[in-house]
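Residue-level listing of the chains:
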Amino acid sequence: MDRRRFIKTAGVLSALPMVSFGHEQSQLAASSFPTSIMHGSLTQSSDELTVLSGQLPQDIFGHVFMTEGISLEENQLTPNGRGALTRVDFSAETAAFTRKMINTPSAIMQEHVTAPFDKFALLGGTVYFSMNLGFMNYCNTAPNYMGNNRFALSYEGGMPFEFDATTLELVTPIGEPWEWHSSLPPFADLLAPDKWLFPQIRTTGHPYFDLDSEECFTINYGGNMGESGLKNGFIRLIRWDLSGPFDSWQVIGRNGKSAYITATSHSLSVTRNHILIFETAARVENARIMGIRTVTAQKHRTPVWIIRKADLHFGQSMVFADYLELDFDTSDIMCNYNDDGDIITLYGQYLGAMDKSEPQFDWESLYFGGRVESEIAGYPAAPVDVGGLVRARIRVNAVSSEEIKGDFDVIRDQSLCWDMNDPAYRGHFQFPETFEHIYWAAVGYRPEHLVKRVARAYDDYPGRYYQNETLPQSAQPSALIHMDCSAMTISDSYQFPEDCVMRTPQFMARKNSTAQDDGYIFTAVVRKEPSNGQFTGKEFWLFDAKNLSQGPVCILGSAKLDFATTNHALWVPEIGPRPPLAYKADLNSHFNDKLACHSRQVQEVLTTYVLPKFA
């Protein structure tokens, strides 16, 4: 998943080594962390899954889609790595998987180009950049269902793409290339060569596909460098009817100035009458791409722009939005679709003192002594405090919005809520009228992943439960958490064995069920000691959504199952081929217009591998 801000550089600089003089030896116990999560196969595979424990439920069905990031070299932030897409097919008798690489045009180009100015180089562990070609788009953040057997993949650093659910092949970008505006600051955009095949585009990791209205809402933003966005920063709200050109509006605050995103916008929420654009917690400093690894701590806030759908008029270029700052920081945030009385109810993680965008760099100093080993360089740094879960409410007035402070609630559990990550709920990425149950992944905490520069940056973060010196010196395992939204309690949970890392929960409905807790929770698990001593330790664990604490009802594995750091997932009851006459953007014209400007090798890659694929 890509959660960083990029700037144009005049050259490609490798990340500089961390320099530190003197460090004490680590007194921590030997690590139980499964280092195999750092690696995933770069070739396609498929196999029937073997039951390693329990049994496959008789009423399970449907298909789970799961994305992942594969680190290609040391220090690459693992969720942001080379993309792969896995589909797991379930029936009462069997479960099987198919896994393929997400072959975006830039990823295909990366595999084949070798010339120094064409090759992609990793900048600061965050993004790949080519001086002649532009920026990498791995499109590996989240799969989305669009309706009518159409599926999409999203990414915060590039155009989303549609894929065919039956073949797992990309079919078309969403939007013509010219419909997406460059996200570089104006001065950098002026320096960017016109021949770039892959310009920098910033968007949200979670566009909203409304299956009832058959439209998509997303954003395109950028233009600023950090806080300096009052003049050049922009947010474009995009509405798409799934078949034609975009409608778009520049978002303007009530003060008459352009809205802008300082860091990233991982989440976007939609209610019946409103659209909410969030600035979410993930920040990579501009100097990072030059190898400078200082950390600017996330702010204890979530800025939000609130737009009324009734203000979106065809032919107008702008829309006014209310601006609020919620008093917590989050990454994944959802809302009730029902906004009766113009009251919007939000649910999200409480991240607190942690930084999802910070990789561990090879050989840098750890807080409890020792240094980062090269085999885990690029895995996200440990959180610096325990997190939680929040509910917030907003009242939308005639020309303003306000948070209902008395309705704010936060749950924090010092044994469970470490590194709060992805949510799972019925109708994933389409919000219910009212949320009743949400399931959350807490990835856990490992003191051997707590890097000194991050701990120091968050030393004075507000509302901390733990101070740096009181943080646990033993691992806090991954946990699967059941949040009762009505009572605002953790009603059930399961803590994994210490050698496991669990990510990517997904709700799977039982047949003929309607309740938000009537089904199964799919999770992706990587463990150091494989279940039953079989296969790779890359496994799928299934839980009864009404009884997490009993443990997994089924554990599945295969000798061919080899995924890395997983991101978001999606469940659908059935799939079919993508409609042959569905929307298709003209990506080939974009490439053909620039073909003559590039080397013979780039031209050959385009004409041999890219243009035929997206013809």
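Each remark here, short or long, concerns the structure printed above.
These numbers were taken from a predicted model, which means no experiment stands behind them. (Residues numbered from 1 in each chain as written. Predicted model: local features only at pLDDT ≥ 70, side-chain atom pairs only at ≥ 80, totals over all residues. Heavy atoms only, no water.)

Undergrad: Can you explain the packing of helix α1 (residues 105-112) against helix α5 (residues 600-610)? Please cite residues and give values.
TA: Axis separation between α1 and α5 bottoms out at 10 Å; the angle between their running directions is 125°. By the criterion of interaxial angle, the relationship of α1 to α5 is oblique. The interaxial crossing formed by α1 with α5 has right-handed handedness. Side by side, α1 and α5 meet where Pro-105, Ile-108, Met-109 and His-112 of the first sit next to Gln-601, Val-602, Val-605, Leu-606, Tyr-609 and Val-610 of the second. Across the contact of α1 with α5, the residue classes tally to eight nonpolar, two polar and no charged. (Axes fitted to C-alpha atoms, helices over the stretch in contact; angles between N-to-C directions. Helix = DSSP H or I, 4+ residues; strand = E, 2+ residues; numbered from the N terminus. Parallel < 35°, antiparallel > 145°, perpendicular 65-115°, else oblique. Left-handed = near helix turned anticlockwise from the far one by under 90°. Contact = heavy atoms within 4.5 Å. Nonpolar A, V, L, I, M, F, W, Y, C, P; charged D, E, K, R; others polar.)

Undergrad: Mind laying out the sheet that holds strand β8 (residues 134-135), listing which residues take part and the relevant values?
TA: Here three strands make up an open sheet; going across it, the order is β6-β7-β8 and the pairing antiparallel. Edge positions in the sheet fall to β6 (121-123) and β8, since each has one partner strand and no second. When β6 meets strand β7 (residues 127-130), the two strands line up antiparallel, connected through three bridges. Looking across to β7, one finds that Ala-121 is bridged to Phe-129. (Pairing = 2+ DSSP bridges.)

Undergrad: Residue-level account of unusual backbone geometry, with values.
TA: A positive phi angle, near 65°, is found at Leu-168, a position not held by glycine. Note on placement: Leu-168 falls in the loop between β11 (161-163) and β12 (170-173). Owing to a relative accessible area of 4%, Leu-168 belongs among the buried residues under this scheme. Phi at Asp-342 is positive, roughly 55°, even though this residue is not glycine. Looking at where Asp-342 falls in the secondary structure, it is placed in the loop between β22 (333-335) and β23 (343-350). What makes Asp-342 partly exposed here is its relative accessible area of 33%. (Buried < 20%, exposed > 50% of the residue type's maximum accessible area, 1.4 Å probe, protein only.)

Undergrad: Let's hear about the environment of Arg-202: which residues, and what values?
TA: Along the polypeptide, Arg-202 turns up in strand β13 (residues 202-203). For the pair Arg-202 and Gly-222, spaced 20 residues apart in sequence, the C-alpha separation works out to 6.4 Å. Within polar-contact distance, the side chain of Arg-202 engages the backbone oxygen of Glu-156 at 3.2 Å. (Polar contact = N/O pair within 3.5 Å; in protein donor to acceptor, adjacent residues only side chain to side chain.)

Undergrad: Hey, could you go over the pairing of strand β30 (residues 489-495) for me, with residue numbers and the actual values?
TA: In this structure, strand β29 (residues 479-484) lies alongside β30, joined through six bridges in antiparallel fashion. Its bridge partner lying in β30, Ala-479 is registered against Gln-495. Between β29 and β30, which follow one another and run antiparallel, lie four residues, and Met-488 among them has a positive phi close to 50°.

Treat this as a map of the structure, not an account of what it does.
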